[in-house]
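# Architecture and fold: a report
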Amino acid sequence: MPGFLLNRALQYLLTAAAASVIVFALMQLLPGSAAQVALGTEATPEAVRALEAQYGLDRPWPVRYFEWVGGMLHRDFGTSYVTGAPIAPVIADGIQVTLIVVIASIAVALALAVPLGALAALYRSRPLGAVIGAASQVGIAVPSFLAGILLVMVFALGLRVLPASGWAAPIEGLGAFASHLVLPVTALALVQAAILTRYVRSAVLEVMGRDFLRTARAAGRTRTGALVRHGLRSAAIPVVTVAGVQLAALLVGAVVVEQVFVLPGIGSELVRAVSNRDLVTVQGIVMVLVLAVLVLNFIVDLLYPVIDPRVRRGA
Amino acid sequence: MSAPLLRVASLRVHAGPAELVRGVSFAVAPGERVGLIGESGSGKSLTAAALMGLLPEGLRATGDVELAGVRGNVLTRGERELARVRGRAAGMVFQEPMSALDPLMRVGAQIAEALVLHGAQRAAARARAVEALAEVGLPDPAAAAAAYPHQLSGGQRQRVVLAIALANEPRLLICDEPTTALDVTVQAQVLELIRTAAARPGSGLLFITHDLAVVAEVCTRVLVMHAGEVVEEGPVGRVLTAPAHPYTRGLLAASDLRAVDERGRLFTMATAPAYPAGGAAAGGAEGTAARCGGGAATGDAGGTGVRGGGPETAQEAGPEAVHEAGTEAAPAPVPGAVAGPASVPSAQPTTEQSTGSSSVLASELASGTVAGTVAGTAAETGPAAQDSPARTSGAGEGTVAAIEVRGLAKAYRRTGRGILSRGSEVTALAGVSFCVAAGARFGIVGESGSGKSTLLRILAGLEPASGGTATVSGVDVVGAGEPALRRMREDVQVVFQDPFASLDPRMRAADIVAEPLLAQGLSTAERRERAARALSDVGLSAADGQRYPHQFSGGQRQRISIARALAVRPRILLADEPVSALDVSVRAQVLNLLTDLADRYGLTLVFISHDLGVVRHLCRDVIVMQGGRIVEAGTVDDVYERPQHPYTAGLVAATPDLARALARTR
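Conventions adopted
Residues numbered from 1 in each chain as written. Chains lettered and ligands numbered in written order. Predicted model: local features only at pLDDT ≥ 70, side-chain atom pairs only at ≥ 80, totals over all residues. UniProt positions renumbered as here; feature names shortened; annotations may be inferred. Pairing = 2+ DSSP bridges. Helix = DSSP H or I, 4+ residues; strand = E, 2+ residues; numbered from the N terminus. Axes fitted to C-alpha atoms, helices over the stretch in contact; angles between N-to-C directions. Contact = placed C-beta atoms within 7 Å. Nonpolar A, V, L, I, M, F, W, Y, C, P; charged D, E, K, R; others polar. Domains from an automatic or database assignment. Parallel < 35°, antiparallel > 145°, perpendicular 65-115°, else oblique. Left-handed = near helix turned anticlockwise from the far one by under 90°. Core = buried A, V, L, I, M, F, W, Y, C linked by C-beta atoms within 7 Å. Buried ≥ 20, exposed ≤ 12 C-beta atoms within 10 Å, placed from the backbone.

Chain B goes by Dipeptide ABC transporter ATP-binding protein in an unreviewed UniProt entry, where it is assigned to Brevibacterium rongguiense. UniProt, in the comment section headed Sequence similarities (unreviewed entry), describes chain B in these words: "Belongs to the ABC transporter superfamily."

The name an unreviewed UniProt entry gives chain A is ABC transporter permease subunit, with Brevibacterium rongguiense as the organism. Word for word, the UniProt comment on chain A under Sequence similarities (unreviewed entry) is "Belongs to the binding-protein-dependent transport system permease family."

## Describing the sheet that holds strand β18 (residues 621-626) of chain B
Residues and elements named next belong to chain B. Across the sheet, which stays open at both edges, the six strands sit in the order β15-β16-β17-β12-β18-β19 with mixed pairing between neighbours. Strands with a single pairing partner mark the edges of an open sheet, and in this sheet they are β15 (492-495) and β19 (629-635). Averaged over all adjacent pairs, the angle separating strand axes in this sheet is 15°, with direction ignored. Sheet contacts for helix α22 (residues 554-567): β15 and β16 (572-576); angle to β15, the most-contacted strand, approximately 175°.

## Brief notes about the interface of chain A and chain B
With 26 residues of chain A at the interface, the matching set in chain B holds 31 residues. Among the elements of the structure, α1 (2-29), α9 (211-218) and α10 (223-261) of chain A are those that each provide at least two residues to the side of chain A that touches chain B. Broken down by element, the residue count for the side of chain A that touches chain B peaks at six residues, all from α9 of chain A. Its residues placed into classes, the side of chain A that touches chain B shows eight nonpolar, eight polar and 10 charged.

## Focus: the domain arrangement of chain A
Where interface size is quoted, it is often the accessible area lost as the parts come together. Residues and elements named next belong to chain A. Domain parsing of chain A yields domain 1 (2-88) and domain 2 (93-308). The C-alpha-based centres of domain 1 and domain 2 are spaced at 33 Å. The interface is formed by 20 residues belonging to domain 1 together with 16 residues belonging to domain 2. Looking at the side of domain 1 that touches domain 2, the element that brings in the most residues is α1, giving 10 residues. Across the side of domain 1 that touches domain 2, the residue classes break down as 15 nonpolar, four polar and one charged.

## Regarding the domain arrangement of chain B
Once the domains are mapped, chain B shows domain 1 (6-89 + 172-240), domain 2 (99-169) and domain 3 (502-569). Look at where the C-alpha atoms of domain 2 of chain B and domain 3 of chain B centre, and you get two points 48 Å apart.

## A few points about the packing of helix α7 (residues 184-198) of chain B against helix α26 (residues 646-654) of chain B
Residues and elements named next belong to chain B. Running from N to C, α7 and α26 cross one another at 50°; their axes reach a closest spacing of 8 Å. The orientation of α7 with respect to α26, classified from their angle, is oblique. Crossing handedness for the pair α7 and α26: left-handed. On the side of α7, the interface is formed by Val184, Thr185, Gln187 and Ala188, while α26 contributes Gly650, Leu651 and Ala654. Of the residues belonging to the contact of α7 with α26, the class tally is four nonpolar, three polar and no charged.

## Section: the nonpolar core
Counting 201 residues, the largest nonpolar core has Ile111, Leu459, Val513 and Val606 of chain B as the members making the most contacts within it. Element by element, the count of residues in this core is highest for helix α23 (residues 584-601) of chain B, at 10 residues. For Val513 of chain B, the residues in contact, after removing those within four places along its chain, are Ala531, Ala534, Leu535, Ile560, Ala563, Arg564 and Ala567 of chain B. Counting 70 residues, the second largest nonpolar core, distinct from the first, contains Val37, Ala113, Ala118 and Leu151 of chain A.

## With respect to the UniProt feature "domain: ABC transporter" (unreviewed entry) in chain B
The UniProt feature table records "domain: ABC transporter" (unreviewed entry) at residues 6-252 and 403-652 of chain B. Along residues 6-252 of chain B the backbone is 37% helical and 26% strand, and the end-to-end C-alpha distance reaches 27 Å.

## Quick look at the UniProt feature "domain: ABC transmembrane type-1" (unreviewed entry) in chain A
Here, the residues flagged by UniProt with the feature "domain: ABC transmembrane type-1" (unreviewed entry) are residues 95-304 of chain A. Here residues 95-304 of chain A is 84% helix and 0% strand, with 26 Å between the C-alpha atoms at its ends.

## A word on helix α1 (residues 44-51) of chain B
With seven of its eight residues buried, α1 of chain B lies for the most part within the structure. Of all the positions in α1 of chain B, only Lys44, Leu46, Thr47, Ala48, Ala49, Ala50 and Leu51 of chain B are classed as buried.

## Structural notes on the sheet that holds strand β2 (residues 18-28) of chain B
All names here are of chain B. The three strands are arranged β2-β1-β4 in an open sheet whose pairing can be described as antiparallel. One side of each edge strand has no neighbouring strand; the edge strands of this open sheet are β2 and β4 (59-67). Averaged over all pairs of adjacent strands, the angle between their axes in this sheet comes to 5°, without regard to strand direction. For strand β1 (residues 6-15) and β2, the ladder comprises eight bridges, and the chain directions are antiparallel. For His14, the partnering residue across the bridge sits in β2 and is Glu19.

Below you can see the structure in the form of C-alpha cells.
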C-alpha cells in the first residue's frame, strides 16, 4: 500500500512537471511580450525593452521557466504587470471559493445520482425508471449557466428566498455562507447529477446480473437487500472513475457559473486576467487549475484500493 | 418413511408464452441424494432456481413446491418471505465459483452475513464463520476468513460457497453444476465434501449436473430431464445401466468415450440404438496399441525427404520426447477424397487404436518400409502437401516431424504497478520437449495453470516463447519473423475452446470461414468455393453459410470454427479444449467430425484437454503437464493404465468414471 501511494504520487508529480512546461510554453507562444502588453500599442520599442529588462523578460526562457517554477514552489506566483500586485494571494482566495463550490457540487451530484440511478436500474421496465431516464436526459441537455439563470429567476427574483449573487466566507456566518452557496452549487450539480445518474444506472444494471448477488439471495437476502449490500459497492468502481473525470469538467464549469453568480472564485479571476491581458496571472491561474485537477484525481485514485481489495498491492 | 424434504408437483416455468419447464414433479426424502441430469436447455437449472424463487427476471414459475420447514406453496410466497427461507430451509451452491462470491468483501464476512441474516449475533457469527471454513476443509480457516475471494483458488472458493450454503444447517442442499468449472482433482475433493454434507442425518441433496459419471458418484436416485420434462426417473444403478427412455440411452451412449461403433466412432444420439446396454459398466475392453516410436527409429529408409515419417528425429529425441512414426497417417487418404465430394468416408481401415486389430497394424507400420510407403502416400495426397510444394525445403533435414519442441520455456513478466517497481517473473513453461510426427494425433492434458494453453499459443505463433525451439511445419516459431509465421499459418490452424467468443458476431459463417484465405491471396471465387467446401466438410449447408454465429447452436459454432481452420487446408490442427463447452451429445458429434476430417486429410492433430477421457478416445500419444513441465509422456493406454508419475496417477484416479462409480453402487 505505501508503495502504491508512492508510485501514484510520483506519477502525478511528473505529470505536473510536464504540465508546467506546456503552460509556460503556451504563454511564450502568444504574440507580443508581457512588457509590450503592459505598455500598450503606443509604447516605443525602447520603452518596451526597458520594461523587459526590468521584469527580466530579456533573459533566456529556461532561466525564466525555472524562476517561475521555483517561485511557485515557495508560493510566489510573481507580480502582475497590470495591477503591480503579487498574484499568489489572488489565486489563493479564488481557488478556495472555487474548490468549495466544486466539491460541494460533486457531493450533491453523487448524493442525487446514486439513489436515482439505482432506482432507475431497479425499475427499468416500470414508469419510475422511464421518468428518471427522461429527467436525466433533460438535465444533460441544460447547460449549467442556463440552469443558474433559471434558478436565480425562481429562487432569488421570484421567491426571494436566496441571494441572487455574491459570496460570504464561512467566518461571516454559516447561514450566509450556505445561502450564497445553494444556487451556484445546484446549478453545477444538476447537470453532473444527470450525467452520473446514467452511469450509476448502467453500472447497477451490470452488477445486477452478477452471480454473487444470487449467492447472497440464496443465503437469505432479498433482491433489493443483496443489491444494496453487495451490488452498490461494485457499481461504485466505474462511477468513481466517471466522477473523477467529471471533476475536471466541474472546475471548468465553475468558471462560467462564477460569472453568473458573481463569485470571487478563480474562474472570475481568470476571466478578469484574460480581459486585462494579464499574462503572468493567466499563467499562474491555469497552472493552479491543472494542479487542482491532478490533486482531485489523485484523491480519486486513492479511493480505488479503498473500494476494491483486488487493486491493493500485495493483497 | 418420513415426510419428504422437498416435494415438487407439476412445476412449470414460463417465459412469456413459452414454457421452459413443463410440469416437473419429484420429491426428495431425508437421506436421499437425487440427481437431476440433462443437457443445456433441458430446464434443470431453471427447476432448481424456481424452487427457491431465484429465477431470472422475466421468468415465472407455477405449480406446487413444498419444502420442509415452510408452510404452504413456496412458489406463492413473496420475495421477503422467501428470503427468510433461503439458506435456512435449503442451501444452494452454483456453478461458477469464480464469480459466486462478492469480490469486495472478506470471505469470513460473507459467511457471517448468511448467519446474521438468520438471526445470529454478529460476533458469534464471525467466530462460527471460521469454524465453517474449517468444516469445508480449508487449511488455515482463520486466514481464509480474512482473505478476499480473489486470493483463493477456484476450488477454495467453491468450498466457501458451500460453507455459506451450509452455514444455517439447512436440511436440503441444492447444488447446480457445483464442480463443472473445477479441475478434476479439485472436483473430486468438492464432491466428497458434498457427499459428506448430504450424509448429515435427516438431510437430502438435489444435485444438478450434465455429467453422468459425477451423478453416479454422488447420487442414489436420478431424474433425466429433456426439453423441460422429466423423461426418466429411477435408482442410479438402474437408469444408467438399463435406460428405459431413448433419450437417456442416447445420453449414456454419447458420454461413453470408451465405446465406439463399428467405424471406430463415438456413439451419438442418432447411433445410440446400437450402443450395447450397460456398455459403460462393461468398459475397458480395448485393444492396446503397441508403442511404435522405438521401432520406427530403426527404419531409417522411411522418411527421407518425405514429410510423413519421423525416423531421424526419433534418435535425437530426449527422454521426455514422445515420438511416433506416423502410424496415424496410415489410413488418412481415402483415394479421391481430396477432389471428390465431401462424403464421410465409410468403410475405413482400422483407424482407431481401440479396435482389436490395431496393434497388429501398428507393429506392421513400425517396420520402416511400411511406414515409409504410408507416409509417402500421405504426402502425395494430402491437400496441404499439394498446395505447398515450396515448403518441402531441406529434404533430409529435421523437417519430417510435424512439430518438434526442444527445451521450450516461457516466462511472463508480471507488469509492475508503478514506474518504480519491476515486475516479477512467472514461469509458465520450463524445459518442454516433445515431438509429434506428421499425421499423428497427439494429446496434451493438464489442469488449469499447467501451461497447456500457453504451449499451444506458442506453437500457433500467437505468443512469443522465452527460450528453446519449437519447430512447427519446418518453421521455428521461437524467434521467427512475421513472414515465416505467416507461411507457417498456412499449414497450422487453431480451433479454440469457446465457440461463443471465437467467432465474430457480425460476420456471416461463410465469410468467417473464408477470412483466413485472404492472407493467401486467393481470388474471391476461389475463396467462396473453398469456404463452401469447408462448410460442407463439417456438415453445414450452403444456406448455413449465410447465417450469423448467434443463429447457430454451440456445436454448430464449433463446426464453423473447425471449418475456418480447415479452409486453408492445414496439415496441422491445434485444438484447445474444442469440446469442453459442449453438451455430451454434441461433443460426440464434434469429436467424430474431428476424427473423420483428420483421417480424410491426413491431419496432424494436437489436442489439448483437461478431460482425460476425450484425449484417450481421440489420441494415441499424450503428454501430461503440470506446472509448466511435462511430467509424463507415452501412449494413452500406457499413461492411463500404468501411470508412472504420481500426478498422473492422481489425475486418472480423480477423473469421474461411470463404470467405476456404477460398480461401487452395486
